[in-house]
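Commentary on secondary and tertiary structure
Below are the chains, spelled out letter by letter.
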Amino acid sequence: MSADRREWPLYEVFVRGKRGLNHVHVGSLHAPDDAMALRHARDVYTRRNEGVSIWVVRADAITASSPDEKDPLFAPNGDKIYRHPTFYEIPDDVPHM
Amino acid sequence: MTTIPMEPQQEERLRAAFDATVARHDRIEPRDWMPDAYRGTLVRQIAQHAHSEIIGMQPEGEWIGRAPSLRRKAILLAKVQDEAGHGLYLYSACETLGVSRAELTDLLLGGRQKYSSIFNYPTLSYADVGTIGWLVDGAAICNQVPLCRTSYGPYGRAMIRICKEESFHQRQGYELLMTMMRGTGEQRAMVQESVDRFWWPVLMMFGPPDAHSPNSERSMAWGIKRNSNDDLRQKFVDMTVPQAEALGVTLPDPELRWNEERGHHDFGEPDWEEFAAVIRGDGPCNAQRLAHRRAAHEEGAWVREAATAFAAATAQEGAR
Amino acid sequence: MSDEHGSVFDGLLGGDDSAQWAFGTGFEDPLAGVDTTTPGGVDPAELAAYCLMLGDDALIMSQRLSEWCSRAPDLEEDIALANIALDLLGQARLLLTRAAAADPDVLPRLPEGSPVPPEDALAFFRDERRFRNVWLAEVAGGDFAHVVVRLLLFSVARLALLERLRTSRDQVLAAVAGKGVKEVTYHRDWAGRWFLTLARGTGESRRRLLAALDALWPLQAETVAAHPLERALARAGVGVDPASAREEVDAVLGQVFAVSGVARPEPAQPSGIGGRTGRDGVHTEDLGRLLAEMQAVARAHPGGRW
């Protein structure tokens, strides 16, 4: 990937839409540093007041699995549906789940 | 981004996996192998779309300062701001393909990448703000809703976000025109004049007829594009006719009528020579739009440099 | 999937699904449930004039900020400046509406049966001499350093004022202040951060920042100078005497200057002509030009509906 020196680094943005949910990747933006990235994220991705919590992380700080490794890394659990939390139906009123 | 040379066998295997993913309507993601031509087509299409959002801020932005009510001013400012956001989402999607926003900006300013021809037309009255919302954004939605299912994941996700916001854009435009039609005779005339001026350029937004659209077929095979230009144009006309009736305006096409047999409206042919001229750069506002964008970019250079220098200096202090 | 997104066409010709409408465009009433009666012992004309001061500051500042739309140094800042302009526009609408409700005599004369709502009558049909904003909000814009300095000076003073206004006996002003404090805190933060960045960025950014500070500092004094009307309403427990916020304003600006390595400018005399300022309706030449643009379409169609 070309690192353009004239350009601010790329950040990935994660927003927790409301309390009780995970942070979810919503997109990316450019900013000169972490503090400004957080500010930009608020302006760009929560204009409609969607988020109560924002994470930003420099895109080049993320280590990602490559698609070629997909099988060895993910296959063993692919058929074990019980490992997935969504397999279990939990009534809404049970706390701390 | 350069592709590392590889064994022909391996490439064949990867290509087969890619084809299979597209065939089962699954998504291609940034780190997947993809044919260079697929990547190139995506970059061209997403960048053009992003540029359209950014250039598209200008015709409406022209009226923020003169919006005739505070409510309309707030709506218009929020809308034009959304367009900056949409451009940003799309540039981000494009960046996952290995092209930086700075490079894309250079391509736009150098005239080497296009944006939607509609934004090379001027806005001449406040009714144009409504017409752009109703017709231009309406046409854009027709083009964009199918793109939510496009084969490239980041593009599709950006489009979902954009389409949700575009529905507000179209509705605010239509609502403005409805309100103006209930106003004075002068206002009604202003609405009709605006619709007359925008109708044909809006029909051109769907691109040339299928028979003359060189890239369409391959884009459809790859799942980048999901409907043909003519299909979308027809869908738009069918959708718009009853809206125009409800509004009380006429659409400036003597050939426009319902065809019972086809179950669609027949309509006239846009002036494709005018379309070609605007694409070529000879539209009423091409030079003005690019000059505005270039000025903003160049006048902002010292600010971007200052922020970069400040970030570097504080990072160094932190490390010390 | 296609059905889900096909739904964007639904309800185009009716219905009232406003869930997707943009934040900040005034579809929710921030004053729902707020007591709108004028508090006892307050002259309605004075209350209206006071609301115009605070409302015009926000309106004219918003108009200047929105000039940046599609012109900012990058997309992220374009969006940030539009957010700030929208916040201030929202404050202005509430305050102008309050002014008209407190004293209908404040409204300019419009033809019988005019459909123009009070906030728009005040924004678009009022003559320059009846605007009560400070000069800092109205002077013509410059480069990005100019907007940063202007917004810093403006929001530091406005935040200190709104914080105190939250306890106003006028329930509407208290509610507007409560909402505004959150917004202006962010504006001040944005401006302070950019002030620091430009001061310590490059030689050019520092030079431009100092030039903007030179140009705008003489207008800062007006933001903390107390107009007799403000003092009267402060005594009645409705308004805020800006002089009471002066210490805080000085302290906050002092901090920003210190971390930025910028020498604090000498105190300036409040701007004005013959002792009369923006609060009295005496303005710079720039306001006339601003209003000529802002009011052009509305005034061309006095019977228009928008």
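This paragraph deals with the pairing of strand β1 (residues 10-16) of chain A. For β1(A) and strand β2 (residues 24-30) of chain A, the ladder comprises six bridges, and the chain directions are antiparallel. Note that in β2(A) the partner of A:F14 across the bridge is A:H25.

The next point concerns the interface of chain B and chain C. Each side of the interface is counted separately: chain B has 68 residues, and chain C has 64 residues. In terms of surface lost to chain C, no three residues of chain B exceed B:L70, B:R171 and B:W302, which account for 15% of the buried area on that side. The interface formed by chain B and chain C contains two salt bridges. As a salt-bridge pair, B:E317 and C:R200 come within 2.9 Å of each other at their nearest N and O atoms. Scanning the region where chain B abuts chain C turns up 12 residue pairs in polar contact (both at pLDDT 80 or more). Broken down by secondary-structure element, the contributors of at least two residues to the side of chain B that touches chain C are α3 (57-61), α4 (70-95), α6 (127-144), α7 (153-181), α8 (185-204), α10 (229-247), α12 (286-299) and α13 (301-319) of chain B. Sort the elements by how many residues they give to the side of chain B that touches chain C and α4(B) lands first, with 15 residues. Split by residue class, the side of chain B that touches chain C holds 36 nonpolar, 16 polar and 16 charged.

Quick look at helix α12 (residues 285-300) of chain C now. The first and last C-alpha atoms of α12(C) sit 22 Å apart over 16 residues, in line with the 22 Å expected at 1.5 Å per residue. The principal kink in α12(C), of about 40°, is found at C:M294. Along α12(C), the residues that are buried comprise C:D286, C:L287, C:L290, C:L291, C:M294, C:Q295, C:V297 and C:A298. Of the surrounding secondary structure, the elements contacted by the buried residues of α12(C) are α4 of chain B together with α2 (44-66), α4 (118-124) and α5 (135-138) of chain C.

Turning our attention to the confidence of the model for chain A. Model confidence for chain A is summarised by a mean pLDDT of 71, while 56% of its residues fall at 70 or above. Contacts from residues 70-88 of chain A, a stretch scored under 50 in pLDDT, to residues over four places away or in other chains number nine contacts.

Let us now look at the nonpolar core. The biggest cluster of nonpolar side chains holds 199 residues, and the ones touching the most others in it are B:F236, C:Y50, C:F144, C:W190, C:W194 and C:F195. Element by element, the count of residues in this core is highest for helix α3 (residues 75-102) of chain C, at 17 residues. Beyond its immediate chain neighbours, meaning those up to four positions away, C:Y50 contacts C:L161, C:L165, C:L173, C:L229, C:E230, C:L233, C:G239 and C:V240.

Residue and element names in this part refer to chain C. Running from N to C, helix α6 (residues 144-165) and helix α8 (residues 203-216) point in directions that differ by 50°, and their axes come no closer than 8 Å. The angle between the axes of α6 and α8 places the two elements in the oblique class. Taken as a pair, α6 and α8 cross one another with a handedness that is right-handed. Every residue of α8 that contacts α6 at A145, H146, V149, R150 and L153 is listed here: R208, L209, A212, L213 and L216. When its residues are assigned to classes, the contact of α6 with α8 shows seven nonpolar, one polar and two charged.

Right, let's talk about unusual backbone geometry for a bit. Even without a glycine there, the phi angle at B:H25 is positive, about 60°. Residues other than glycine seldom take positive phi values, yet C:S70 does so here, at roughly 75°. Counting through the fold element by element, C:S70 comes out in the loop between α2 and α3. Note on C:S70: relative accessible area 4%, which makes it buried.

Turning to the packing of aromatic side chains, a few remarks are in order. Applying the stated criterion across every chain, the model contains 15 aromatic pairs over all chains. An angle of 85° between the planes, with centres 6.0 Å apart, marks the rings of B:Y126 and C:W306 as edge-to-face. With B:Y126 in the loop between α5 (101-109) and α6 and C:W306 in the segment after α12, this pair bridges two chains. In this structure, B:Y126 and C:W306 share a single accessibility class: buried. Three or more aromatic residues joined by ring pairs make a cluster, and in this case those are B:F18, B:W33, B:Y38 and B:W222. The ring of B:W63 has B:R66 lying over it, and the distance from NZ or CZ to the ring centre is 3.8 Å.

Attention shifts here to the packing of α6(C) against helix α11 (residues 242-260) of chain C. Residue and element names in this part refer to chain C. Relative orientation of the contacting elements α6 and α11 amounts to 140°, with a least axis distance of 9 Å. With respect to α11, the axis of α6 lies oblique. Along this stretch, α6 crosses α11, giving a crossing that reads as right-handed. Contacts between α6 and α11 pair L152, L153, V156, A157, A160, E163 and R164 from the former with S244, A245, E248, V249, V252, L253 and V256 from the latter. Considered class by class, the residues forming the contact of α6 with α11 number 10 nonpolar, one polar and three charged.

Another point: the sheet that holds strand β3 (residues 53-58) of chain A. Two pairing modes exist for strands in a sheet, parallel and antiparallel, and in both the strands are linked by backbone hydrogen bonds. Within the open sheet, the three strands sit side by side as β2-β1-β3 (chain A). Their pairing is antiparallel. In this open sheet, the two edge strands, each paired with only one partner strand, are β2 and β3 of chain A. Across the sheet, the mean angle separating the axes of adjacent strands is 30° when strand polarity is ignored. Two elements, β1(A) and β3(A), share six bridges in a ladder whose sense is antiparallel. Of the residues in β3(A), the one forming a bridge with A:V13 is A:V56. The sheet contacts of α4(B) involve β1 and β2 of chain A, and relative to β2(A) the element is tilted by about 95°.

Right, let's get into the pattern of salt bridges. Counted by the stated rule, this structure contains 33 salt bridges over all chains. The partner of B:R15 in a salt bridge is B:E11, with the nearest N and O atoms 3.4 Å apart. Here B:R15 and its partner B:E11 are both found in helix α1 (residues 8-23), four residues apart, which amounts to about one turn of the helix. B:R15 sits in the partly exposed class, given a relative accessible area of 36%. Notably, a salt bridge pairs C:R264 with C:D250, separated by 3.3 Å at the nearest N-O pair. Of the two residues, C:R264 is situated in the loop between α11 and α12 and C:D250 in helix α11; the sequence distance between them amounts to 14 residues. A single network of salt bridges, built from pairs that share partners, joins B:E60, B:K79, B:E83 and B:D137.

Conventions we followed
- Residues numbered from 1 in each chain as written.
- Chains lettered and ligands numbered in written order.
- Predicted model: local features only at pLDDT ≥ 70, side-chain atom pairs only at ≥ 80, totals over all residues.
- Heavy atoms only, no water.
- Pairing = 2+ DSSP bridges.
- Helix = DSSP H or I, 4+ residues; strand = E, 2+ residues; numbered from the N terminus.
- Contact = heavy atoms within 4.5 Å.
- Buried area = accessible area lost by both parts, 1.4 Å probe.
- Salt bridge = Lys/Arg side-chain N within 4 Å of Asp/Glu carboxyl O.
- Polar contact = N/O pair within 3.5 Å; in protein donor to acceptor, adjacent residues only side chain to side chain.
- Nonpolar A, V, L, I, M, F, W, Y, C, P; charged D, E, K, R; others polar.
- Expected span 1.5 Å × (residues − 1).
- Bend = angle between axes of the 7 residues up to and from the residue.
- Buried < 20%, exposed > 50% of the residue type's maximum accessible area, 1.4 Å probe, protein only.
- pLDDT = per-residue confidence, 0-100.
- Core = buried A, V, L, I, M, F, W, Y, C linked by side-chain atoms within 4.5 Å.
- Axes fitted to C-alpha atoms, helices over the stretch in contact; angles between N-to-C directions.
- Parallel < 35°, antiparallel > 145°, perpendicular 65-115°, else oblique.
- Left-handed = near helix turned anticlockwise from the far one by under 90°.
- Phe/Tyr/Trp six-rings, centres within 6.5 Å; stacked < 30°, edge-to-face > 60°.
- Lys NZ or Arg CZ within 6 Å of the ring centre and 35° of its normal.

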